[in-house]
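Observations on the model geometry
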Amino acid sequence: MTDWRTDPTFAMCRDVVDGAALASYSGGPFDVRAVVAGILPASRRGPDLDAVPWGNFPHGNEARDAVRSLRDGGETGADATRVLGGLCADDSRAAAALAVPFLVPLAIDPHHPHRAAALAVLSGPARARHHGVASREEFLLHRNDPRRDAADSHDDYGYEVTGYPAGWSVAAARAAITTHSSALLPLLADSDPTVRVDAAYALATAADPDRVIRTALTTGSAAEGDAMVRAALLLATAEITRAHPHPPALAWLRERWNDRAEAAEARLAAAVGWLCLTDRSAPEDLRRTVDTLADDERARAMQTLPWMNAASGAGEPGLLRCRRCMLHPEQPDPETALWDSLF
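About the cut-offs
- Residues numbered from 1 in each chain as written.
- Predicted model: local features only at pLDDT ≥ 70, side-chain atom pairs only at ≥ 80, totals over all residues.
- Heavy atoms only, no water.
- Salt bridge = Lys/Arg side-chain N within 4 Å of Asp/Glu carboxyl O.
- Helix = DSSP H or I, 4+ residues; strand = E, 2+ residues; numbered from the N terminus.
- Buried < 20%, exposed > 50% of the residue type's maximum accessible area, 1.4 Å probe, protein only.
- Phe/Tyr/Trp six-rings, centres within 6.5 Å; stacked < 30°, edge-to-face > 60°.
- Lys NZ or Arg CZ within 6 Å of the ring centre and 35° of its normal.
- Contact = heavy atoms within 4.5 Å.

1. Things to note about the pattern of salt bridges
- Inspection of every chain in the model, using the stated rule, returns 16 salt bridges.
- Asp 190 is paired through a salt bridge with Arg 115; the nearest N and O atoms lie 2.8 Å apart. Here Asp 190 is found in the loop between helix H8 (181–184) and helix H9 (193–203), whereas its partner Arg 115 is found in helix H6 (residues 115–122), with 75 residues between them in sequence. An identical accessibility class is assigned to Asp 190 and Arg 115; each is buried.
- Among the charged side chains, a network of salt bridges with common partners joins Glu 316, Arg 321, Arg 324 and Asp 333.

2. Considerations on the packing of aromatic side chains
- The tally for this structure, following the rule as stated, stands at five aromatic pairs.
- Geometrically, the ring pair formed by Phe 57 and Tyr 164 is edge-to-face, given 6.0 Å between the ring centres and 75° between the ring planes. Here Phe 57, found in the loop between helix H2 (32–43) and helix H3 (60–72), pairs with Tyr 164, found in the loop between H6 and helix H7 (166–179); they are 107 residues apart in sequence, far enough to count as distant. Assigned by exposure class, Phe 57 and Tyr 164 land together as buried.
- Seen in terms of ring centroids, Tyr 201 and Trp 307 are 4.8 Å apart; in terms of plane orientation they differ by 90°. Their pairing is edge-to-face. Here Tyr 201, found in helix H9, pairs with Trp 307, found in helix H16 (residues 306–311); they are 106 residues apart in sequence, far enough to count as distant.
- Residue classification places Tyr 201 among the buried residues on the basis of a relative accessible area of 10%.
- Across from the ring centre of Tyr 201, 3.5 Å away, lies the NZ or CZ of Arg 127, which sits over that ring.

3. Comments concerning the environment of Ala 128
- With respect to the element layout, Ala 128 can be found in the loop between H6 and H7.
- Of the residues examined, Ala 128 reaches a relative accessible area of 5% and is grouped as buried.
- Along the sequence, Ala 128 and Ala 89 sit 39 residues apart, while their C-alpha atoms lie 9.5 Å from each other.
- Beyond its immediate chain neighbours, meaning those up to four positions away, Ala 128 contacts Arg 93, Arg 143, Tyr 157 and Val 170.

Structure representation (structure tokens):
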């Protein structure tokens, strides 16, 4: 990748760090929210890749080339998704957010060879500051509202490694997913369970004021025969409910983790989701359920869920990290111990 300091946005980022008002750049050519908003009206028909100012954003040209490679459907498609996923992993999401309107048409095309790969990476920029996060206070939390463009803030996401306001990248990606949510919803019934999981992960980041997505998630969970997919649908329901509160969802999740006939993976997902939607003390029956079901083997299996994969850290699987942070905060953090051992 090229040196991000040569990108045009670096001047904006440097000015903001030096005290310039972020609002003065809102809606301009370096505001990825504004650029994505300009793409969205044409995104269902297939936007013009070369008409987008990729070069205005850190690593934009690499993101453009990755999207082009995915569109072409060649053997390099897997490498292209690694580029886009790597941008998010490296905390440089702006260009990846710009790619989202181009990824959705690929993800919903049942004949595209890289549809699953495109779906797996398209919601990456819609979340920030969530890797290794597993506490009740932070897990499944959206710090900004995808319906609102905050001109003078970045919604508590801080800045990306390039200096770009992370909240702008997140808002742009979520706006694109929200716009395409009706096209993504049918993927919850796809024949491929991995597609169903990744569709739930993406849809959980969308704005859902009318509860259309939440209804699809809860209805889908009742009919879902795959335990891991059902767990994904429950986590997605909790995440979208955290962004758009709906009190009945709390009781519904409690029913799910209390149901002994339910699969262990789904019960654990429901328990984690319930804990994130309330500040009530964890009931003893929930503690027993989680402590009994969350063993090492199941934790490794549930790493296939993107929520749990993101929550993991220092060799600690996401499920076990959630159990420790949410129910046993007195236990030592392996990640802290690892860092302490290095210094």
